[in-house]
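Structural characterization, general
Below, each chain spelled out in residue letters.
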Amino acid sequence: MTPEETKDSAKADVLIVGAGPSSAFAAVELSKAGFDVVVLEQGDWTRRTEFAGATKEWELKAQKDWHPNPNRRGRPADYPIDTTDSDVNPLMFNGVGGSSILYAAHWVRMLPSDFQVRTMDGIADDWPITYEELAPYYGRTEVAMGVSGLAGDPAYPDEAPYPNPPMPLNKIGHKAALGMDKLGWHWWPGPQAISARPYRHMQACVRRGTCLTGCPEGAKGSVDITHWTDAIANGTRLVTGARVREITTNSQGLATGAAYVDRAGVERHQAADVVILCANGIGTPRLLLLSKSAAHPDGLGNSSGLVGRNLMMHPYAAASGVYDEPLESWLGPSGHAIQTFEFYETKQERGFVRGAKWQVMPSGGPLGLRAGYSDSALDDVWGENFHKRIRKVTGHTFEWGITAEDLPDPDNRVVIDPTLTDSDGIPSPKIVYKSSENTRKLMDFNLARAVEAHEASGASEIHVTPLMRDCGWHIMGTARMGVDPTTSVIDKWNRSHDVPNLYVFDASSFVTCGSANPTATITALSLRAVEHLIAERRNQETPR
Amino acid sequence: MSSTNASLSEAERALYGSRADVLIPGAEGMPSATQAGTHTSLIDDALAARPDLVADFKASLALGSVEDPAAAIAELHAKQPVLFDAFSVLTSGAYLMSPDVKQIIGYPGQEERPVTGDDVGDYIGLLENVAARGPVYRPTVVS
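Worth saying up front: this structure is predicted, and the values here are computed from it rather than measured.

Secondary structure assignment for chain A yields twelve helices and 16 strands. Over its C-alpha trace chain A gives a radius of gyration of 23 Å, about what one expects of a compact globule, namely 24 Å for 544 residues. Taken along the three principal axes of its C-alpha coordinates, chain A extends 70 × 50 × 45 Å. The proportion of buried residues among the 544 residues of chain A is 60%.

Okay, here's the thing in structure tokens:
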């Protein structure tokens, strides 16, 4: 036992870093199979009563305490991220449940072409697996998360039944669907990890609509609710307030565990036979790059030089329509009422490759994410116009949100910031991220179509936001999967090419990102990889 | 030094109310900020919800003319955007917490409204049109 190791940190079979969705799915399966699992999570549990959705202060608190941008939220568990060279701010939550605490629970499969972008469109790379290989795992994630939805969507080759019936479209969904019908465009009720009836550990949704700031009812499928209690009941040891600074290795080049700092500032070490990183598309490459050694001078698992590179964040634009009739557009879930894949696939005549997924979401309350408008003329926003605007838009507005596919670009990357550190003195990540010409053309095209969709639905006003800065919910690609160790970081079973007992289960593994919300894919990949790990346990190389 | 104590003196409260009414006057059938009680308990609730804005809010009150609230707001807007944003977000946030204001604008707040029925029947006809148009995906290429 080293000086830092305590009785509590006795060697584990498997150490997982991070307690978000990929980790939760893996921990349940591993602990069920009898593995001794330790999870290190830098944040803490969030009690339902902490969420502000059922209070009158909700909209004010949403702009700070529950803001998805960690730089703005600034909780003790958050680490600062240098975004000065990025077009987009990354969004996340650091705590048990990870970003599922604040996500919208859109549970959407990627499409077959997403796994074969090189084959079909001649750009980027193919994944080493196909949609069909992942489909059974998607189905299991849908059952685990109590997904509500309607089978038969012609955007997919299979008719997967969901465990719960679709949530109501509400007035906004109906209004949007009428416009899409008029145009002859695809739409379908949005599948989501939210249900109108109680399901396993989840409560029934009451449509409060505050999903993006945490669900006070415990109805949203966040993995603190859906998975962690089961994993702990199976024997998983979940250590909160544990900020990992380095993956440790031995002279054979195998991972031996992780060095971390607890909330008392004590340096500790957790030893393990296998290490799985589930720290998200920024936290994972940060940790790999920080885990330098003589054997791994460019960071752990980085012989390809691709750790941190090919960062993709799904640029997001929106067209907001204002309607004369009341639409109760505060009503949840939020969630998505409907979605469309009409413009998802490449069409050569559009002048760009790949596409976007759109979704209709509620618009929340009257304050919204309203800034102080110091950059607008006083009379435009305040005085009589304040009242006119509030009365016109409150309950009368919904948004077609456009989630755009981001092509992998090695210049978009996560690096270690030379000066910035977190509260434990661990170097912070810096992200370098610029939108491409392809993205700009894709966004312009899709925004123009979204305006047409609102027009077809009868909007009296339409406002367009070309690229939101606070949109980086989906952080992907920074430890990509592949067959060739010179062009990828992990293999098709999510195992490091360089370190045979090191795995990456979060969205860092994505080769390309499609434009579907990624949590269904993250967890399906995690399930698939962990089952392989369990099946191959006797062949797993471990440190002596 | 700016204060992080959220409590307002009577003088600060009066000054705040006069300036809040510049941003949110009584108009369009809506009460002014002070008529809605923004300067009394609601601003206290807003400050309690956003302790990060207390210092900037108090600093905003310390600037500009005491006698001319419109001039003070104009100056704040023109010269102190950070302080103006703190003042205006807290003011609109406080105002929109008023039950009377919510009632007038027809916003019940983020209400509980459990699902009582299924609306699939209302749109299944439209979905049949979608299904009839056929697949919108490209199938996996088998090599």
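All names here are of chain A. Across the eleven residues of strand E8 (residues 267-277), nine count as buried, placing the element largely inside the fold. Bridge count for strand E1 (residues 12-17) against E8 is five bridges, and the pairing is parallel. Considered in E8, the bridge of Val14 is made with Val274. In this structure, strand E7 (residues 255-261) lies alongside E8, joined through five bridges in antiparallel fashion. Considered in E8, the bridge of Val261 is made with Glu267. Counted along the chain from E7 to the antiparallel partner E8, the turn is five residues long, and its residue Gly265 has a positive phi close to 85°.

A word on the interface of chain B and chain A. Put simply, an interface is often sized by how much accessible area is lost when its parts join up. Contacts between chain B and chain A engage 50 residues on the former and 67 residues on the latter. When residues of the side of chain B that touches chain A are traced back to their parent elements, those giving at least two are helix H2 (38-49), helix H4 (69-79), helix H5 (81-95) and helix H7 (120-132) of chain B. The dominant element in the side of chain B that touches chain A, judged by the number of residues it contributes, is H5 of chain B, at eight residues. Per-class residue counts for the side of chain B that touches chain A are 28 nonpolar, ten polar and twelve charged.

For the rest of this paragraph, the subject is the sheet that holds strand E11 (residues 356-361) of chain A. All names here are of chain A. With antiparallel pairing, six strands are arranged side by side in an open sheet as E4-E10-E11-E12-E9-E15. Looking at strand neighbours, the two that pair on one side only are strand E4 (188-189) and strand E15 (461-465), the edges of this open sheet. Relative to strand E12 (residues 397-404), strand E9 (residues 316-322) runs antiparallel, the two being bridged by seven bridges. Of the residues in E12, the one forming a bridge with Ala317 is Ile402. Set on the sheet, helix H11 (residues 437-457) makes contact with E9, E11, E12 and E15; between it and E12 the angle comes to about 155°.

Here we come to the sheet that holds strand E13 (residues 413-421) of chain A. Residues and elements named next belong to chain A. What the three strands build is an open sheet, ordered E3-E14-E13; its pairing is mixed. Strand pairing shows two members of the sheet lacking a second neighbour, strand E3 (82-86) and E13, which therefore form its edges. Pairwise comparison of adjacent strand axes, ignoring direction, gives a mean angle of 30° for this sheet. Of the pairings in the sheet, the one linking E13 to strand E14 (residues 427-433) comprises five bridges and is antiparallel in character. Among the inter-strand pairings, Thr421 is bridged to a residue of E14, identified as Pro427. Together, E13 and E14 form the strand contacts of helix H8 (residues 280-290), whose direction differs from that of E13 by roughly 70°.

Below, the discussion takes up the confidence of the model for chain B. Mean pLDDT for chain B: 95, with 97% of residues reaching 70 or above. Per the prediction output, this complex has pTM 0.97; the corresponding ipTM is 0.95.

With that settled, the discussion passes to the nonpolar core. Counting 160 residues, the largest nonpolar core has Val14, Leu15, Ile16, Val17, Val275, Ile276 and Ile402 of chain A as its most contacted members. Those residues in contact with Ile16 of chain A that sit more than four places away from it in its chain are Ser23, Ala26, Ala27, Val37, Val39, Ile276 and Cys278 of chain A.

All right, on to the packing of helix H1 (residues 21-32) of chain A against helix H7 (residues 223-233) of chain A then. All names here are of chain A. Packing of H1 against H7 brings their axes to within 9 Å, and their N-to-C directions diverge by 25°. Considered as vectors, H1 and H7 are oriented roughly parallel to each other. Where H1 crosses over H7, the handedness of that crossing is left-handed. Residue-level contacts link Pro21, Ala24, Phe25, Ala27, Val28 and Ser31 of H1 to Val223, His227, Trp228, Asp230 and Ala231 of H7. Residues of the contact of H1 with H7, tallied by class, amount to eight nonpolar, two polar and one charged.

Rules behind the numbers
- Just so you know, the residues in each chain are numbered from 1, in the order the chain's sequence is written.
- To read the labels, note that chains go from A and ligands from 1, taken in the order they are written.
- In view of the model being predicted, local features appear only for residues whose pLDDT reaches at least 70, and side-chain atom pairs are presented and counted only at 80 or more, with totals across whole chains, interfaces and linings using the full set of residues.
- Comment: elements are numbered from the N terminus, with helices defined as DSSP H or I runs of at least four residues and strands as E runs of at least two.
- A radius of gyration in this sense is built from C-alpha atoms; the matching globule rule multiplies 2.2 Å by the number of residues raised to 0.38.
- Residues are called buried when their C-beta atom has 20 or more other C-beta atoms within 10 Å, exposed when it has 12 or fewer, and partly exposed otherwise; all C-beta atoms are positioned from the backbone.
- The pairing criterion is simple: DSSP has to find at least two bridges between the two strands.
- Residue pairs are scored as contacts if the distance between their C-beta atoms, which are placed from the backbone, is within 7 Å.
- Residues were grouped as follows: Ala, Val, Leu, Ile, Met, Phe, Trp, Tyr, Cys and Pro as nonpolar; Asp, Glu, Lys and Arg as charged; and all remaining residues, including Gly, as polar.
- Axis angles are defined between N-to-C directions and span 0 to 180 degrees, where every axis is a line fitted to C-alpha atoms and, for a helix, only to the segment in contact.
- The pLDDT value tells you how sure the predictor is about a given residue, anywhere from 0 up to 100.
- We define the nonpolar core as any set of buried residues of the types Ala, Val, Leu, Ile, Met, Phe, Trp, Tyr and Cys, connected via C-beta atoms lying within 7 Å of each other.
- Between 65 and 115 degrees an angle is taken as roughly perpendicular, under 35 as roughly parallel, over 145 as roughly antiparallel, and anywhere else as oblique.
- Definitions for this section: a left-handed crossing has its near helix turned counterclockwise from the far helix by less than a right angle. A right-handed crossing has that turn clockwise.

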